[in-house]
Amino acid sequence: MEDKQIAAEASVKYIRDGMIVGLGSGSTVNYMLRKLGERVQQGLQIKGIPTSVKTEKLAKELGIPLTDFSKIQQIDLAIDGADEVDSSLNLLKGGGGSLVREKIVDQAADELIIIADSSKVKSVLGNFPLPVEVVPFGYEKTMEYIAAFGCTPELREKDGRVFISDNGNYILDCKFDLIENPVTLHEQLKSLTGVVETGLFPEMASKVILAREGKVEILSK
Ligand SMILES: O=C(CO)[C@H](O)[C@H](O)COP(=O)(O)O
């Protein structure tokens, strides 16, 4: 079993009867959904809030009951993946392009657990290009303003076409050398008019469940 799957399956034991659960996005989360689907078939009663159209589709296929923000007051727990995690549990996310919905759900949850293999742990964030969701109108200008913060932004494409997020926006993948201060960089980028959201999730995760060579490790605040 690969480490992503081991970490993902270990997270399911934190899901208890009656919980409203934020369902993240990505290949690690897909393993979590499959395990959760099994638990639901065995009688676990939960409702999930998906963070992407892809997650919503898979959850429905697996028989996981879903809800939405119009029907609930709180999210007990969100389980999500990440592209990078630092030792203070700051996250860089959005490799799959779902960062806006992920951030809305993850922020609303009482607890956020991140699941990952050990390759995602970095001493400093920024090796992975930072995904920034931007409004399509005038994205060329937004790109120039973002580049002035010391990165090389690239418009994300998929299958030879511009990638469109679930929210109808573009994603700019911004290669920084290192992101020494994720809080400040996030605030600076967020202040640009065309920026919808950045893939920096500082100080949000309460726990990271990692798998390294088949063994589970827990990083906590
Ligand atoms: O932020 C994300 C999607 O927007 C994912 O959680 C992140 O890209 C990790 O993906 P994977 O589990 O496939 O490595």
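Since we're looking at a predicted model, the values are computed, not measured.

Colleague: Sorry, what's going on with the pairing of strand β2 (residues 47-50) here?
Modeller: The two faces of the sheet receive side chains in turn, since in a regular strand these alternate between them. Of the strand pairs in this sheet, strand β1 (residues 20-23) and β2 are connected by 4 bridges, and their pairing is parallel. Residue pairing across strands places Leu23 opposite Pro50, the latter belonging to β2.

Colleague: How do you make sense of the state of the cysteines when you look at a structure like this?
Modeller: Working definition of a disulfide: a covalent bond connecting the sulfur atoms of two cysteines. Going through the model one piece at a time under the given rule, you end up with 0 disulfides. Here Cys151 is not cross-linked by a disulfide; its sulfur's nearest cysteine counterpart is in Cys174, at 4.3 Å. By relative accessible area, Cys151 is classed as buried at 9%. Residue class for Cys174 comes out buried when judged on its relative accessible area of 0%.

Colleague: Looking at this model, I keep getting lost on the site of the ligand. Mind explaining?
Modeller: Around the ligand, 17 residues are found, and the nearest of them are Ser25, Ser27, Thr28, Asp83 and Lys120. Here an oxygen atom of the ligand sits 2.8 Å away from a polar atom, N or O, in the main chain of Gly94. For the ligand, whose unbound accessible area comes to 380 Å², protein coverage reaches 91%. Class assignment for the residues of the shell around the ligand results in 1 nonpolar, 10 polar and 6 charged.

Colleague: What is the right way to read the nonpolar core from this model?
Modeller: Formed by 26 residues in total, the largest nonpolar core has its most connected members in Ile15, Met32, Leu36, Ile46 and Ile64. At the level of secondary structure, the elements contributing two or more residues to this core comprise α1 (3-11), β1, α2 (27-41), α3 (53-61), β3 (75-80), β6 (109-117) and β14 (207-212). Looking at this core, the element that brings in the most residues is α2, giving 5 residues. Residues within four places of Ile15 in sequence aside, it is in contact with Val21, Met32, Leu36, Arg39, Leu44, Ile46, Leu77 and Ile79. In terms of nonpolar packing, the next biggest core, distinct from the first, is built from 23 residues, Ile49, Ala109, Ala116 and Val208 among them.

Colleague: Explain the sheet that holds strand β11 (residues 170-175) here, please?
Modeller: Whenever strands of a sheet pair, they do so through backbone hydrogen bonds, lying parallel or antiparallel. Reading across the sheet, the 4 strands line up as β8-β11-β7-β12 and stay open at both edges, with antiparallel pairing between neighbours. A single partner strand is all that each edge strand has here, and the edge strands are β8 (152-155) and β12 (195-198). With direction set aside, neighbouring strand axes in the sheet form an average angle of 30 degrees. Pairing geometry for strand β7 (residues 130-134) and β12, over 3 bridges, is antiparallel. Its bridge partner lying in β12, Val132 is registered against Thr198.

Colleague: Explain the side chain of Asp3 to me, please; I cannot follow it from the model alone.
Modeller: Relative to the elements of secondary structure, Asp3 occurs in helix α1. Of the side chains bearing the opposite charge, Arg212 lies closest to the buried Asp3, which forms no salt bridge; the N-O distance is 7.6 Å. Only 2.9 Å separates the side chain of Asp3 from the backbone nitrogen of Glu213, close enough to count as a polar contact. Leave out the neighbours within four places in its chain, and Asp3 touches Asp117, Ala211, Arg212, Glu213 and Gly214.

Colleague: How should the environment of Gln41 be read in this particular structure?
Modeller: Structurally, Gln41 can be placed in helix α2. Looking at Gln41, the relative accessible area reads 58%, which means it is exposed. With 23 residues separating them along the chain, Gln41 and Ile64 place their C-alpha atoms 8.5 Å apart.

Colleague: Looking at this structure, how should I read the UniProt feature "active site" (unreviewed entry) in the protein chain?
Modeller: On the UniProt side, "active site" (unreviewed entry) is annotated at positions that read Glu102 here. For Glu102, the location among the structural elements is in helix α4 (residues 99-108). The contacts of Glu102, once residues within four sequence positions are left out, are Ser25, Thr51, Asp80, Lys93, Gly94 and Phe201.

Colleague: Can you help me understand unusual backbone geometry in this one?
Modeller: Glycine aside, residues mostly have negative phi angles, and peptide bonds mostly take the trans form. Located in the positive-phi region is Leu89, a residue other than glycine, with phi close to 65 degrees. Mapping Leu89 onto the fold places it in the loop between β4 (84-85) and β5 (91-92). You will see that Glu203, though not glycine, has its phi angle at about 55 degrees, which is positive. On the secondary structure map, Glu203 appears in the loop between β13 (200-201) and β14. Look at Glu203 and you get exposed, because its relative accessible area is 56%.

Scoring rules and cut-offs
Residues numbered from 1 in each chain as written. Predicted model: local features only at pLDDT ≥ 70, side-chain atom pairs only at ≥ 80, totals over all residues. Heavy atoms only, no water. Pairing = 2+ DSSP bridges. Helix = DSSP H or I, 4+ residues; strand = E, 2+ residues; numbered from the N terminus. Disulfide = S-S within 2.5 Å. Buried < 20%, exposed > 50% of the residue type's maximum accessible area, 1.4 Å probe, protein only. Near = heavy atom within 4 Å. Polar contact = N/O pair within 3.5 Å; in protein donor to acceptor, adjacent residues only side chain to side chain. Areas by Shrake-Rupley, 256 points an atom, 1.4 Å probe, with all protein chains shown as cover. Nonpolar A, V, L, I, M, F, W, Y, C, P; charged D, E, K, R; others polar. Core = buried A, V, L, I, M, F, W, Y, C linked by side-chain atoms within 4.5 Å. Contact = heavy atoms within 4.5 Å. Axes fitted to C-alpha atoms, helices over the stretch in contact; angles between N-to-C directions. Lys, Arg positive; Asp, Glu negative; His and termini not counted. Salt bridge = Lys/Arg side-chain N within 4 Å of Asp/Glu carboxyl O. UniProt positions renumbered as here; feature names shortened; annotations may be inferred.

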